[in-house]
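Per-entry structural report
This is what each chain is made of:
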Amino acid sequence: MPQLLAVSGALGRMGRRIAELAANAGHTVVAPIDLKNAGESYGALLGDPRHKAPVVTAYQGGAEVMIDFSLPGAFETRLRECRRHKTAFVSGTTGLLPAHFELLDQAAQEIPVLWAANMSTGVNLLLGLVRQCAAALPESYDIEIVEMHHRRKVDAPSGTALALLHAICAGNGRNAGEVVRHGRSGHTGERTRQEIGMHTLRGGDVVGDHTVIFAAEGERIELSHKASSRDTFAAGALRAAEWIAGKLAGRYNMAQVLGL
Ligand SMILES: NC(=O)c1ccc[n+]([C@@H]2O[C@H](COP(=O)([O-])OP(=O)(O)OC[C@H]3O[C@@H](n4cnc5c(N)ncnc54)[C@H](OP(=O)(O)O)[C@@H]3O)[C@@H](O)[C@H]2O)c1
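Residues numbered from 1 in each chain as written. Predicted model: local features only at pLDDT ≥ 70, side-chain atom pairs only at ≥ 80, totals over all residues.

**Observations concerning the overall build of the protein**
We apply this condition: To qualify as a helix, a DSSP run of H or I must reach at least 4 residues; to qualify as a strand, a run of E must reach at least 2; elements of each kind are numbered from the N terminus. What the globule rule says is 2.2 Å times the number of residues to the power 0.38, and the radius of gyration is computed from C-alpha atoms. Note on burial: count the other C-beta atoms lying within 10 Å of the residue's C-beta; 20 or more is buried, 12 or fewer is exposed, in between is partly exposed, and C-beta positions come from the backbone. For every residue pair, C-beta atoms are placed from the backbone, and the pair is scored as a contact if these atoms sit within 7 Å.
Along its length, the protein carries 9 helices and 11 strands. In terms of C-alpha radius of gyration, the protein reaches 19 Å, essentially the compact-globule figure of 18 Å for 260 residues. With the C-alpha coordinates aligned to their principal axes, the bounding extent of the protein is approximately 60 × 40 × 30 Å. Within the protein, the proportion of its 260 residues that are buried is 38%. Taking all contacts inside the protein whose residues are at least 6 apart in sequence as the whole, residues at least 24 apart take part in 67%.

This is the structure we're talking about:
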């Protein structure tokens, strides 16, 4: 079903891909929201005449679903606008704080909302596999998470790496905040059994690589996902928008969207 969409972060790397895939699918971006270029033609800025709406800095209603890939600083405003205009909210923005998730839960009492650290099918499958491994393997398997992204990424570790950490802890009953160990440097002492190492690499144009390692005496399991195009996230976000339109108020997740 063709949809009317708002896109927050419309001129960003993700926003541009979402706009193109949305137009390919017959949807209309009625509210391209960004900080810059207010009043200019979105279609002209993207070199795609299918987009007729001008860029706006605030959402005034008119869309069935807002897709937000911007910055944590925009999150509260976008959510407030969606509540006011009864617009469903799908967000992939990372680097959020606990207070942002409280706002999301409050909004879920009035509108359908979905936030996911990663919208790709592969990563959402990986989250389930990692949880299964963590539940099945004994404590003698040391667990480490490694992620790599392009040099322009502003938050670390990635939202997906944190989601992997939480999936592992959901599997083995550990407390993520207590066991995570960010990088190692200097005289660290021996690795403890419970800790889960978290390692961030940045460079080049890497779209998003994540690996979870379960290492024991004599063997090692590595579960990896490598995204080679942002379209995998953009397609997931659009699938979420199509799925959430018309749903009752509530907080939904990508596993539900993808039927995993
Ligand atoms: N969940 C997923 O699957 C997934 C996948 C990829 C990326 N992400 C996340 O999505 C977010 C965006 O990534 P990106 O690579 O597209 O970043 P980006 O290229 O920096 O795009 C972000 C856009 O949002 C704009 N923006 C900033 N503040 C805003 C505000 N208050 N209102 C409206 N627009 C605002 C930025 O404008 P300026 O340039 O003027 O600041 C920029 O155009 C990041 O948090 C990233 O980690 C999630």
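**What about helix 1 (residues 13–24)?**
The periodicity of an α-helix, 3.6 residues per turn, causes residues three or four places apart in sequence to face the same way. Rule in force here: One fewer than the residue count of a helix, multiplied by 1.5 Å, yields its expected span.
In this model, helix 1 (12 residues) spans 17 Å end to end at C-alpha, consistent with the 16 Å of a helix rising 1.5 Å per residue. Taken together, the buried positions of helix 1 are M14, G15, R16, R17, I18, A19 and A22. Buried residues along helix 1 sit against strand 1 (4–8), strand 2 (28–33), helix 2 (42–46), strand 3 (65–68) and helix 8 (231–244).

**Notes on helix 6 (residues 159–172)**
The end-to-end C-alpha separation of helix 6 is 20 Å, in line with the 20 Å expected for 14 residues at 1.5 Å each. The inward-facing, buried residues of helix 6 contact helix 5 (121–136), strand 6 (142–149), helix 7 (176–179), strand 7 (180–182), strand 8 (196–202) and strand 9 (208–216). Trailing helix 6 by a residue or two, G173 shows a phi angle of about 75°, which is positive.

**Observations concerning the site of the ligand**
Put simply, the rule reads: Nearness is defined per residue: the C-beta atom, placed using the backbone, must lie within 6 Å of the molecule or strand. Ten residue types, Ala, Val, Leu, Ile, Met, Phe, Trp, Tyr, Cys and Pro, are classed as nonpolar, four, Asp, Glu, Lys and Arg, as charged, and the remainder, Gly among them, as polar.
Neighbouring the ligand are 25 residues; G9, G12, M14, A74 and G92 lie closest to it. Among the secondary structure elements, those contributing two or more residues to the shell around the ligand are helix 1 and helix 3 (72–85). Broken down by element, the residue count for the shell around the ligand peaks at 3 residues, all from helix 1. Residues that form the shell around the ligand fall into these classes: 11 nonpolar, 11 polar and 3 charged.

**Considerations on the sheet that holds strand 3**
Rules: One requirement defines pairing of two strands: DSSP has to find at least two bridges between them. The angle between two axes is taken between their N-to-C directions and runs from 0 to 180 degrees, where each axis is a line fitted to C-alpha atoms and a helix contributes only its stretch in contact.
Read across the open sheet, the 6 strands follow the order 2-1-3-4-5-11; overall the sheet is parallel. The strands lining the two open edges of the sheet, one partner per strand, are strand 2 and strand 11 (250–252). For this sheet the average axis-to-axis angle between neighbouring strands, irrespective of direction, equals 20°. Where strand 1 meets strand 2, 5 bridges bridge the pair, whose relative direction is parallel.

**Focus: unusual backbone geometry**
In this model, A156 is joined to P157 through a cis peptide bond whose omega is -10°. One can find P157 in the loop between strand 6 and helix 6. One non-glycine residue, N37, lies in the positive phi region at around 60°. If you trace the backbone, N37 turns up in the loop between strand 2 and helix 2. With a phi angle near 55°, K86 is a residue other than glycine that sits in the positive phi range. Counting through the fold element by element, K86 comes out in the loop between helix 3 and strand 4 (88–91).

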